[in-house]
Amino acid sequence: MTDTIDYFTEERSEEVVNASMGADISPRLAAVMTSLVKHLHAFAKDVELSQEEWAYAIDFLTRTGQMCDANRQEFILLSDVLGLSMLVDAINHRRPSGATENTVLGPFHVPGAPEYPMGTDISLDGKGESCLFTGQVRDSAGNPIEGARIDVWCDNADGYYDVQQPGIQPKWNNRGIFVTGADGAYSFRGIRPVSYPIPDDGPVGQMLGALGRHPNRPAHMHFIVSAPGHETIVTHTFVDGDQWLSSDAVFGVKSSLVATMEAADDTAWRSTFDFVITRAEPAS
Ligand code: BEZ
Ligand code: FE
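Presented here is an overview of the structure given in this document.

1. Let's talk about the coordination of the iron ion (ligand 2)
Working step 1: On the protein side, the iron ion (ligand 2) has Y161 (OH), Y196 (OH), H220 (NE2) and H222 (NE2) as donor atoms, found 1.9 to 2.2 Å from it.
Working step 2: Geometry at the iron ion (ligand 2) is irregular, judged from the six donor atoms that bind it and their angles of 54 to 167° at the metal.
Working step 3: Counting along the primary sequence, the residues that act as donors to the iron ion (ligand 2) give the motif Y-x34-Y-x23-H-x1-H.
Working step 4: Judged by relative accessible area, H220 falls into the buried class, the value being 0%.
Working step 5: Taking relative accessible area as the criterion, H222 reaches 3% and is therefore assigned buried.

Next comes the structure, spelled out in structure tokens:
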């Protein structure tokens, strides 16, 4: 009698675990978990995971969770450095050619930044090299988009976001929101962004070190561009020529997002980038 029971074996591990799922669960949950178990078991078999390695992984994930609080999300950072955040973003934001591409949001966006008139300087700490950011928001037919909301943020000249240095940097340093007029144009002043390391004082930083990887991101300005009836773009523009462009710690660089950075005069830079946003798919 007992030999008809499908007990767990090394050979049939995946089938046995997946067969334990209830029949009436959500089809999507069943599909996702079946695939997860399949790939997880195949991975353990592929590398012949040792007991010590399994215990290390459990401890690593435990420490990753313990590092998380309201201001630090070590699991998203882990997803970022493994390329998973960029992959999920790519799967979910396939766009026609010519439309501006997405990249990672990152952990330093703060909703509710002040809205400023075009041309305002968002650098409040007096550090860094001045840079004028200009361009236009258009639809895929080339028409300027009025009322597009442009939410921008970047690190200061020392390589830290304001939220990483409360009490040191002014609140809302290097952040702001701008809304386009009928010409779809935007312009604001900030600093020429500088490259910086992602937070690497936790388990993710230890993992990067063990893998012989550096924690640096190439210099960039973050943008969220949204307009009624259009798909929201979460992206950056990267500073052309940055030394980390080809080895971004979170794989966020796309060639279409590398913006020009030219000397506007002896004292300031100018970076120009146009955004092309597509119409939002009607909700089905
Ligand atoms: C950022 O660009 O702000 C960022 C993105 C991913 C991880 C850490 C920082
Ligand atoms: Fe950033």
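2. A few points about the nonpolar core
Working step 1: Grouped together as the largest cluster of nonpolar side chains are 28 residues, with contacts concentrated most on V137, V152, Y186, F188, F223 and V225.
Working step 2: Elements with a minimum of two residues in this core: β1 (130-139), β2 (149-153), β4 (185-191), β7 (220-226), β8 (233-239) and β12 (275-277).
Working step 3: Beyond its immediate chain neighbours, meaning those up to four positions away, F223 contacts I150, D151, V152, W153, Y186, F188, I233, V234, T235, H236, T237 and F275.

3. A word on the site of ligand 1
Working step 1: Near ligand 1 you find L77, D80, G106, P107, F108, Y161, Y196, I198, R217, H220, H222 and V250, and these make up its full shell.
Working step 2: Y161 is positioned with one of its side-chain polar atoms (N or O) 3.4 Å from an oxygen atom of ligand 1.
Working step 3: Between ligand 1 and the protein, one listed contact pairs an oxygen atom with a side-chain N or O atom of H220 at 3.1 Å.
Working step 4: Protein chains bury 100% of the 270 Å² of accessible surface belonging to ligand 1 in isolation.
Working step 5: Among the detected pockets, ligand 1 sits in the largest cavity.
Working step 6: Among the elements of the structure, α4 (74-81) and β7 are those that each provide at least two residues to the shell around ligand 1.
Working step 7: When the residues that make up the shell around ligand 1 are grouped by side-chain class, the tally is seven nonpolar, three polar and two charged.

4. Here's the deal with the packing of aromatic side chains
Working step 1: Counted according to the given criterion, the structure contains eleven aromatic pairs.
Working step 2: On the numbers, 5.2 Å between centres and 15° between planes, the contact of F178 with F188 is stacked. Taken together, the residues span a long stretch of sequence, with F178 in strand β3 (residues 175-179) and F188 in strand β4 at a distance of ten residues.
Working step 3: With a centroid separation of 5.8 Å and 45° between ring planes, the pair formed by Y186 and F275 is classed as tilted.

5. Concerning the environment of G229
Working step 1: Along the chain, the position of G229 falls in the loop between β7 and β8.
Working step 2: Given a relative accessible area of 39%, G229 falls into the partly exposed group.
Working step 3: Remark: the alpha-carbon pair of G229 and P282, spanning 53 residues in sequence, is separated by 8.8 Å.
Working step 4: Setting aside its immediate chain neighbours within four residues, G229 contacts R279 and A280.

About the thresholds
- Residues numbered from 1 in each chain as written.
- Chains lettered and ligands numbered in written order.
- Predicted model: local features only at pLDDT ≥ 70, side-chain atom pairs only at ≥ 80, totals over all residues.
- Heavy atoms only, no water.
- Donors = N, O, S within 2.8 Å, 3.2 Å for Na, K, Ca; no water.
- Tetrahedral: all angles 85-135°; square planar, octahedral: opposite > 155°, others 65-115°.
- Buried < 20%, exposed > 50% of the residue type's maximum accessible area, 1.4 Å probe, protein only.
- Core = buried A, V, L, I, M, F, W, Y, C linked by side-chain atoms within 4.5 Å.
- Helix = DSSP H or I, 4+ residues; strand = E, 2+ residues; numbered from the N terminus.
- Contact = heavy atoms within 4.5 Å.
- Near = heavy atom within 4 Å.
- Polar contact = N/O pair within 3.5 Å; in protein donor to acceptor, adjacent residues only side chain to side chain.
- Areas by Shrake-Rupley, 256 points an atom, 1.4 Å probe, with all protein chains shown as cover.
- 1 Å grid on protein atoms, 1.4 Å probe; cavity = no way out; pocket = protein on both sides within 12 Å on 5 of 7 lines; lining within 4 Å.
- Sits in = over half its atoms within 2 Å of the grid points.
- Nonpolar A, V, L, I, M, F, W, Y, C, P; charged D, E, K, R; others polar.
- Phe/Tyr/Trp six-rings, centres within 6.5 Å; stacked < 30°, edge-to-face > 60°.

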